[in-house]
Amino acid sequence: MNIAIVGTGYVGLVSGTCFAEMGVNVTCVDVNQAKIESLQKGEIPIYEPGLDEMVLRNQREGRLNFTTDLASVLNNVEMVFSAVGTPPDEDGSADLQYVLAVARTFGQNIKKYTVLVTKSTVPVGTAKKVKAAIQEELDKRGVNVPFDVASNPEFLKEGSAITDFMKPDRVVVGVESEQAKELMTRLYRPMMLNNFRVIFTDIPSAEMIKYAANSMLATRISFMNDIANLCELVGADVNMVRKGIGSDTRIGSKFLYPGCGYGGSCFPKDVKALIKTAEKNGYKMGVLKAVEEVNEYQKTVLFHKLAKRFGGEANLKGKTIAMWGLAFKPETDDMREATALVLIDLLTKAGATIRVYDPVAMNECKRRMAARPDAATIASQIVYCNDMYEALLDADALLLVTEWKQFRMPSFGVMKKSMKNALIIDGRNIYDAKELADAGFEYSAIGC
Ligand code: UDX
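Because the structure is predicted, anything quoted here is derived from the model rather than measured.

Conventions and cut-offs
- Residues numbered from 1 in each chain as written.
- Predicted model: local features only at pLDDT ≥ 70, side-chain atom pairs only at ≥ 80, totals over all residues.
- Helix = DSSP H or I, 4+ residues; strand = E, 2+ residues; numbered from the N terminus.
- Buried ≥ 20, exposed ≤ 12 C-beta atoms within 10 Å, placed from the backbone.
- Contact = placed C-beta atoms within 7 Å.
- UniProt positions renumbered as here; feature names shortened; annotations may be inferred.
- Near = placed C-beta within 6 Å.
- Domains from an automatic or database assignment.
- Axes fitted to C-alpha atoms, helices over the stretch in contact; angles between N-to-C directions.
- Parallel < 35°, antiparallel > 145°, perpendicular 65-115°, else oblique.
- Left-handed = near helix turned anticlockwise from the far one by under 90°.
- Nonpolar A, V, L, I, M, F, W, Y, C, P; charged D, E, K, R; others polar.
- Pairing = 2+ DSSP bridges.
- Right-handed = clockwise from strand over helix to strand, strands pointing away.
- Core = buried A, V, L, I, M, F, W, Y, C linked by C-beta atoms within 7 Å.

## Digging into the environment of isoleucine 199
Logical step 1: Note on placement: isoleucine 199 falls in strand 8 (residues 197–201).
Logical step 2: By the C-beta count within 10 Å, which is 13 here, isoleucine 199 ends up partly exposed.
Logical step 3: Between the C-alpha atoms of isoleucine 199 and valine 172, which are 27 residues apart in sequence, the distance is 4.9 Å.
Logical step 4: Other than its neighbours up to four places away in sequence, isoleucine 199 contacts Arg170 and Val172.

If you want it as structure tokens, here you go:
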């Protein structure tokens, strides 16, 4: 089977590589020439455990190719997966220009029955627009080539993308013809040995499933963050509460971890886009608006705890604050919507110096800071450290922002010697309060 994947971002590159791993001939297409050239040389633009070697192997074995020329690929494939970006518009709606551009190129070039499958997260109703754009291009050409559109949303998580792709809980496919359904079944059949179900739905439902799933997960997190904040006020321990409620099978234990806010490319964007879709349809998503509000607040919680501890924001001026973790979660260098960005803003405005360390996101942070209008001022307030202990030098406090494995069992003795003040504010609840008290630390976590 021959397929093309358009967009070599996270979803496109991982999906393309995994399909190739299953024996499919995959051509990955991107308009970004520089990116394609590096991929052709075997350089991977994103950090994802296990991806490098899988790309290289499939490239070497000839099943995975990279090109900028979608038009020429379209003659040789049965299906095209569109995994291009859908960045938020000014108002939070998903911007469909890239999705529709793929549809147009598809319509301008297909010569035989081909299916255009959308993998990008797109608002309900997009498939209709995609179909219309393709038809318009076919009409312009004055030809009548049969085609189908389909929706196959991707649920992979950064950091565990390959396993998520290869062994998903389920694959959702929205189709409107038997022919497209058969092709999709054929494509996923080898992977179904990994014991997952392919759920076929109509197209609008498949589009909705992605938003509903991400919004439900974001809701669980914001709900737990609200409960955690309340636990602190009433003297309860959210870790115990989490275990207590998570063991109810109706609730389940996953995605119930309170913390210093969710980030990333999906939850914030998809929650916003679903609120917008509802608004456009004259409906107010009350719960999701609250989910967003709680998350915005939650990203500031570590700062508020710190300010309170030092007797007010004004007293943070001149303080040195160590920050462990910059990425929005472990195993990625992605800082989109990361809590660290909010904390950097608040701390630098308050006049503190921040000593930061992240195992992989340091360059990404430098890049982002350099792009700010206040780059020069910011640069004088952030010290990029070579390792986690160096970040603690003379620090008045440590903020644990991302729960990388290497932060989980540090040497508290070494930490205490480096820090000016033995204070840890833990945004991911990874430490044991008693152990830290014994080691002579003052410790504060979320919800306990
Ligand atoms: C998410 C969805 O899980 C995935 O299905 C979808 O396709 C894309 O969006 P991702 O953004 O890669 O994946 O990360 P995920 O592991 O889901 O974490 C998202 C954020 O939620 C992180 O900031 C994480 O720290 C936070 N989180 C997660 C919590 O605060 N508590 C939890 O219990 C789980």
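## With respect to the UniProt feature "binding site: substrate" (unreviewed entry) in the chain
Logical step 1: UniProt annotation of "binding site: substrate" (unreviewed entry) refers to Phe155, Leu156, Lys157, Glu158, Lys210, Phe255, Leu256, Tyr257, Pro258, Gly259, Gly263 and Lys329 when read in the numbering used here. The largest pairwise C-alpha distance within this set of annotated residues, which runs over 175 residues, is 23.4 Å, so the set is dispersed in three dimensions.
Logical step 2: By the secondary structure assignment, leucine 256 is in the loop between helix 10 (238–246) and helix 11 (267–280).
Logical step 3: Those residues within four positions of leucine 256 in sequence are excluded, and the remaining contacts are Arg220, Met224, Arg242 and Gly246.
Logical step 4: Relative to the assigned elements, lysine 329 resides in the loop between strand 9 (320–324) and helix 14 (339–349).
Logical step 5: Owing to 20 C-beta atoms within 10 Å, lysine 329 belongs among the buried residues under this scheme.
Logical step 6: If we skip the residues at most four places from it in the chain, lysine 329 touches Gly159, Gly264 and Thr402.

## Quick notes on the site of the ligand
Logical step 1: Not every one of the 19 residues close to the ligand is listed here, only the nearest: Glu158, Tyr257, Tyr262, Gly264 and Cys266.
Logical step 2: When residues in the shell around the ligand are grouped by element, the largest group, three residues, is from helix 9 (residues 203–234).
Logical step 3: Residue contributions to the shell around the ligand reach at least three from each of two domains, namely domain 1 (2–201) and domain 2 (211–296).

## Quick word on the packing of helix 1 (residues 10–21) against helix 3 (residues 51–60)
Angle between the axes and distance between the axes are the two parameters that describe a pair of packed helices.
Logical step 1: Closest axis-to-axis distance for the helix 1/helix 3 pair is 9 Å, and the angle between their directions is 55 degrees. With respect to each other, helix 1 and helix 3 are oriented oblique. For the pair helix 1 and helix 3, the sense of crossing is left-handed. Note on element contacts: helix 3 touches helix 1 through Leu51, Met54, Val55 and Asn58, opposite Val14, Thr17, Ala20 and Glu21.
Logical step 2: Of the residues belonging to the contact of helix 1 with helix 3, the class tally is five nonpolar, two polar and one charged.

## As for the UniProt feature "domain: UDP-glucose/GDP-mannose dehydrogenase C-terminal" (unreviewed entry) in the chain
Logical step 1: Annotation from UniProt places "domain: UDP-glucose/GDP-mannose dehydrogenase C-terminal" (unreviewed entry) at residues 322–433.
Logical step 2: Measuring from the first to the last C-alpha atom of residues 322–433 gives 19 Å, for a span that is 31% helix and 17% strand.

## Quick word on the domain arrangement of the chain
Logical step 1: Domain annotation for the chain reports domain 1 (2–201), domain 2 (211–296) and domain 3 (299–444).
Logical step 2: The straight-line distance from the C-alpha centre of domain 1 to that of domain 3 is 38 Å.
Logical step 3: Across the contact, four residues belong to domain 1 and seven residues belong to domain 3.

## Some words on the sheet that holds strand 10 (residues 353–357)
Logical step 1: Strands sit in the order 11-10-9-12-13-14 across an open sheet of six strands; the sheet is parallel. Two strands close off the open sheet at either side, each with one partner strand: strand 11 (382–384) and strand 14 (442–444). Direction aside, the axes of adjacent strands within the sheet are offset by 20 degrees on average.
Logical step 2: Helix-sheet contacts for helix 13 (residues 301–309) involve strand 12 (397–400), strand 13 (423–426) and strand 14, and the interaxial angle to strand 13 is about 150 degrees.

## Points about the environment of asparagine 25
Logical step 1: Relative to the helices and strands, asparagine 25 resides in strand 2 (residues 25–29).
Logical step 2: Along the chain, asparagine 25 and glycine 62 lie 37 residues apart, while their C-alpha atoms are 7.9 Å from each other.
Logical step 3: Contact partners of asparagine 25, with chain neighbours within four places excluded, come to Met1, Asn2 and Arg63.

## What about the pairing of strand 1 (residues 2–6)?
Residues in a regular strand project their side chains so that they alternate between the two faces of the sheet.
Logical step 1: Counting buried positions along strand 1 yields four of five residues, so the element is predominantly enclosed.
Logical step 2: Direction of pairing for strand 1 relative to strand 2: parallel, over a ladder of five bridges. Across the sheet, the residue bridging to alanine 4 is threonine 27, located in strand 2.
Logical step 3: Considered for its hand, the β-α-β crossover made up of strand 1, helix 1 and strand 2 is right-handed.
Logical step 4: Pairing geometry for strand 1 and strand 4 (residues 79–82), over four bridges, is parallel. The residue of strand 4 that forms the bridge with isoleucine 3 is methionine 79.

## A few points about the nonpolar core
Logical step 1: If you look at the biggest cluster of nonpolar residues, it comprises 124 residues, and the most contacted ones within it are Val6, Val80, Met323, Trp324, Leu343, Leu398 and Leu399.
Logical step 2: Of all the elements, helix 9 adds the most residues to this core, at nine residues.
Logical step 3: Not counting chain neighbours up to four residues away, the residues in contact with valine 6 comprise Gly12, Val29, Leu70, Val80, Phe81, Ser82, Ala83, Val84 and Val102.

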